[in-house]
Amino acid sequence: MKLRWSRTLTLLPALALALGVTTAPAAAAPTISSGWNNYSCKPSAEHPRPVILVHGTFGNSVDNWLGLAPYLVARGYCVFSLDYGQLPGVPLFNGLGPVDASARQLASYVDRVLAATGAGKTDLVGHSQGGMMPRVYLKFYGGAKKVNALVGLAPDNHGTDLDGLTRLLDHFPGAKDHLEGLTPGLTDQIVGSDTLNRLNEGGDTVPGVHYTVIATKYDEVVTPYRSGFLDGPDVHNVLLQDLCPVDLSEHLAIGLADRLAFHETANALDPAHAAPTTCLSG
């Protein structure tokens, strides 16, 4: 048992890194961060829906959005971000709890934002797990009535095999059981998990929601990268390299700093005023 546990602890950091570690943790997660999470913000006629940002695995409501949140605030959006999937005794690094429980946390947060802003619906933008988990909310917890659009930045909509890394679990007896108990938010994202099978059964989308997926072919976490794409009647799948062949962003950069991804996000949030995304977009 001691040997099995040591092997599990050796594997866990690799899985943690691969499944979406974002930036170094901030000292604390403030209530208001550079103009977002301002609950007195009222949506404008130009941008009538608040935007809720949903961080990835091991992210939090501040670190994951130091690039995109100010970008959207500067364009006149009311922007909010939540922490979800917290584990007891693990500060700042979130998105580790069961995906289903995280979806229920998102449901409560959406209600809070809608009540504060007076808006009838919100738009969601998520990175990695944060682009997939909201689909659980949309499908099982009434989110389709409260969400206009979901934009996923490198989401793991159909799970990931991490270029075969997760298959190593089968070679370490008991490792998967230990990981399930320690960080169910990780194992819920592995290809073939019960959570993903339930989510994708019967189709990828729900009626009434506009879906956009923004992916990069250099994604080393969601593999193959096309597994993040969705099928459905109101889906726009975007590959950054089709817009700019020299874009080299990988899994983390697409959510943290890629201005082309930010531009495509803005287009998805306001399609009536969308402008073509090129290598010079910003």
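The structure this text deals with has already been given above.
Rules and cut-offs
Residues numbered from 1 in each chain as written. Predicted model: local features only at pLDDT ≥ 70, side-chain atom pairs only at ≥ 80, totals over all residues. Heavy atoms only, no water. Helix = DSSP H or I, 4+ residues; strand = E, 2+ residues; numbered from the N terminus. Buried < 20%, exposed > 50% of the residue type's maximum accessible area, 1.4 Å probe, protein only. Contact = heavy atoms within 4.5 Å. Areas by Shrake-Rupley, 256 points an atom, 1.4 Å probe, with all protein chains shown as cover. Axes fitted to C-alpha atoms, helices over the stretch in contact; angles between N-to-C directions. Parallel < 35°, antiparallel > 145°, perpendicular 65-115°, else oblique. Nonpolar A, V, L, I, M, F, W, Y, C, P; charged D, E, K, R; others polar. Expected span 1.5 Å × (residues − 1). Salt bridge = Lys/Arg side-chain N within 4 Å of Asp/Glu carboxyl O. Disulfide = S-S within 2.5 Å. Pairing = 2+ DSSP bridges.

Draft legend 1. Quick look at the overall build of the protein chain. Of regular secondary structure, the protein chain possesses 10 helices and six strands. When each of the 282 residues of the protein chain is scored for burial, the buried share is 55%. Contacts in the protein chain between residues far apart in sequence, at least 24 positions, make up 76% of those at least 6 positions apart. Looking at the protein chain as shown, the accessible area adds up to about 11700 Å², and 59% of this sits on carbon and sulfur atoms.

Draft legend 2. Highlighting the packing of helix H3 (residues 99-117) against helix H4 (residues 129-140). Their axes nearest at 8 Å, the elements H3 and H4 cross at an angle of 80°. With respect to H4, the element H3 is oriented roughly perpendicular. Facing H3, whose interface residues are Val99, Asp100, Ser102, Ala103, Leu106, Ala107 and Val110, H4 presents Gln129, Met132, Met133, Pro134, Val136 and Tyr137. Here the residues of the contact of H3 with H4 are counted per class, giving 10 nonpolar, two polar and one charged.

Draft legend 3. The arrangement of H3 in detail. In this model H3 runs 27 Å from its N-terminal to its C-terminal C-alpha over 19 residues, within 8% of the 27 Å that 1.5 Å per residue would give. The inward-facing, buried residues of H3 contact strand S1 (51-54), strand S2 (79-82), strand S3 (122-127), H4, helix H6 (184-187) and helix H7 (194-200). Taken from the residues just after H3, Gly118 is the one with a positive phi, measuring 80°.

Draft legend 4. Region of interest: the pattern of salt bridges. Summed over all chains, the structure comprises four salt bridges. Of the charged contacts, one joins Asp123 and Arg49 as a salt bridge, the two residues approaching to 3.0 Å between their closest N and O atoms. On the criterion of sequence distance, the pair formed by Asp123 in strand S3 and Arg49 in the loop between helix H1 (2-18) and S1 is long-range, its members being 74 residues apart. The exposure class assigned to Asp123 is buried, which follows from its relative accessible area of 1%.

Draft legend 5. Broad picture of unusual backbone geometry. Put simply, Thr223 and Pro224 share a cis peptide bond, and its omega is -10°. Topologically, Pro224 is positioned in the loop between strand S5 (210-215) and strand S6 (235-239). For Ser128, which is not glycine, the phi dihedral falls at a positive 60°. Mapped onto the secondary structure, Ser128 falls in the loop between S3 and H4.

Draft legend 6. How the structure looks around the state of the cysteines. Under the counting rule described, the total for this entry stands at two disulfides. The disulfide that involves Cys244 links it to Cys279, with 2.0 Å between the sulfurs. Negative torsions about the S-S bond denote left-handed disulfides, and the value of about 110° found for Cys244 with Cys279 makes this one right-handed. With Cys244 in the loop between helix H8 (240-243) and helix H9 (251-256) and Cys279 in the segment after helix H10 (259-269), this residue pair connects regions lying 35 residues apart in the sequence. Residue class for Cys244 comes out buried when judged on its relative accessible area of 3%. Going through the protein chain in sequence order and numbering each bonded cysteine, the pairs you get are 1-2, 3-4.

Draft legend 7. Geometry of the pairing of S3. Counted residue by residue, S3 has six buried out of six residues, so it is predominantly covered. Burial of S3 is two-sided: the residues Thr122, Leu124 and Gly126 facing one way and the residues Asp123, Val125 and His127 facing the other way are all buried. Where S3 meets strand S4 (residues 147-153), six bridges bridge the pair, whose relative direction is parallel. Bridging from a neighbouring strand, His127 pairs with Leu153 of S4.

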